[in-house]
Amino acid sequence: MSRRIGFIVNPLSHTVQRKGSTLERVAARVEDAVLIRINDFARLPEQLRELAGEKVSAVFIEGGDGTLQAVLSGWPGLAQGGGQLPDLAILPGGSTNLAFKVAGLRRSAADDIAAFIRSYRADGLTTRTSLPALRIESPSLPAPLVGMLLSTGSLARAMIYTQKQIHGDGHRGSLAVAEAATRFVLSPEAYLDTDGEPLLRAGDFKADSAAFRLQGAHALSLMTTLPYLSLGLKPFWGEASGPIAVTYAQWPISGFRAAFLKILTNTTGPEMTRHGLTSYRTDSLNLCCSGPIVLDGELLQILDDAPIRVSSTRPIRFLR
């Protein structure tokens, strides 16, 4: 029996809107394919249950990081710690495509993807990257979420500001991210949030795990299961074991510009403590904080100081 293939397309994602969907062209050429268009994210969990019921061997996803987060969060049982997830193949379709850059499919043309599927169906032999994802649980959330990159405080605030005030509907991507980061680092005091207060400001933060305990005023935190971020940045230097990398910046950051220059040039390490930055690895952590929390570019509706549990899923197989 031929391996069945599923396709998920977000027609409203940034790149798909501008250039059209590659996967829709591929799906029309793949026998016995199952195609989902995300026209309403409220319906996506139901669509995913139906797709899982088709016993697909692989699911190709075209959208940005927010689309992948929605698929992982909505896949039956995954966010609850169970569920059988098929192989995943990610295509860049959004304004931010971090997961694609780390674990995406290395084929972009419809002909190449169709040929890849024929080969995958024939013998299943292909390169795979296995990575866990973050699992986010909180009484403030209607259900657990699964994603790749969580940020808090000023970093989350700057991400939302950049999306709305700097990029808008215009050019996005790695170069746009680098430009926005450079502008912010050079003149952080020049950027004010919608409430008139600086983007870079203090917020309450408390977190504990088997590896560390943090409490006090913080500038930002960042956590992920990915080995690196956009532009190849690796702002994590904790040496303990655990799938979750965490970097924390207390308030105020001493030598703000020097600290972020080291991050941008990947010259971090334990000496970053002189700037008030520390980094850890852990299996899980509990946290609560004031201010915004962003998961894969999406602002989470979590009340200030609500308890949050961050753990990891089992490894997810990404086709390369």
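In this text the structure is predicted, and so the values were computed from the model without any measurement.

Our next topic: the overall build of the chain. Within the chain one finds 9 helices and 17 strands. In terms of overall dimensions, the chain is globule-like: its C-alpha atoms have a radius of gyration of 20 Å, near the 20 Å expected for 320 residues. Dimensions of the chain, computed from C-alpha atoms along their principal axes, come out at roughly 60 × 40 × 35 Å. For the chain, with 320 residues in total, the buried portion stands at 54%. Considering only intrachain contacts with a sequence separation of at least 6, the fraction spanning at least 24 residues in the chain is 74%. Here the chain holds 33 positive side-chain charges and 29 negative ones, and the gap between their average locations is 5 Å.

In the structure shown here, the tally under the stated rule is 6 aromatic pairs. Taking 5.8 Å as the distance between ring centres and 80° as the angle between the ring planes, the aromatic pair formed by Y161 and Y191 counts as edge-to-face. Taken together, the positions of Y161 in helix α7 (residues 153-167) and Y191 in the loop between α8 (174-186) and β9 (203-208) put the pair 30 residues apart, joining distant regions of the chain. Of the residues examined, Y161 reaches a relative accessible area of 18% and is grouped as buried. Ring centres of F205 and Y248 lie 5.2 Å apart, and the angle between their planes is 45°; this geometry places the pair in the tilted category.

The next point concerns the environment of L48. Tracing the chain through its elements places L48 in helix α3 (residues 44-53). A relative accessible area of 0% means that L48 is categorised as buried. Linking L48 and I36, residues 12 residues apart in sequence, is a C-alpha distance of 8.6 Å.

Burial within helix α4 (residues 65-74) is extensive, with 10 of its 10 residues counted as buried. Considered for burial, the residues of α4 that qualify are D65, G66, T67, L68, Q69, A70, V71, L72, S73 and G74.

Put simply, α3 and α4 touch, their axes get as near as 9 Å, and they point 65° apart. Viewed along their axes, α3 and α4 form a crossing whose handedness is right-handed. Taken together, the residues of α4 that come into contact with α3 (itself represented by L44, P45 and L48) are A70, V71 and G74. Partitioning the contact of α3 with α4 into residue classes produces 5 nonpolar, 1 polar and no charged.

The next thing to look at is the side chain of T67. Relative to the helices and strands, T67 is located in helix α4. Ignoring anything within four residues of it in the chain, the contact list for T67 reads N10, I38, I61 and E62.

This brings us to the nonpolar core. Counting residues in hydrophobic clusters, the biggest one holds 37 residues, and the most contacted among them are I8, L51, V59, L72, W75, L88 and F318. Of all the elements in the fold, those that place two or more residues in this core are β2 (34-37), α3, β3 (58-63), α4, β4 (87-92), α5 (98-103) and β17 (316-319). In this structure V59 touches G6, I8, L51, W75, P86, D87, L88 and A89, once residues within four positions along its chain are discounted.

Cut-offs and rules
Residues numbered from 1 in each chain as written. Predicted model: local features only at pLDDT ≥ 70, side-chain atom pairs only at ≥ 80, totals over all residues. Heavy atoms only, no water. Helix = DSSP H or I, 4+ residues; strand = E, 2+ residues; numbered from the N terminus. Rg over C-alpha atoms; globule rule 2.2 N^0.38 Å. Buried < 20%, exposed > 50% of the residue type's maximum accessible area, 1.4 Å probe, protein only. Contact = heavy atoms within 4.5 Å. Lys, Arg positive; Asp, Glu negative; His and termini not counted. Charge placed at Lys NZ, Arg CZ, Asp CG, Glu CD. Phe/Tyr/Trp six-rings, centres within 6.5 Å; stacked < 30°, edge-to-face > 60°. Axes fitted to C-alpha atoms, helices over the stretch in contact; angles between N-to-C directions. Left-handed = near helix turned anticlockwise from the far one by under 90°. Nonpolar A, V, L, I, M, F, W, Y, C, P; charged D, E, K, R; others polar. Core = buried A, V, L, I, M, F, W, Y, C linked by side-chain atoms within 4.5 Å.

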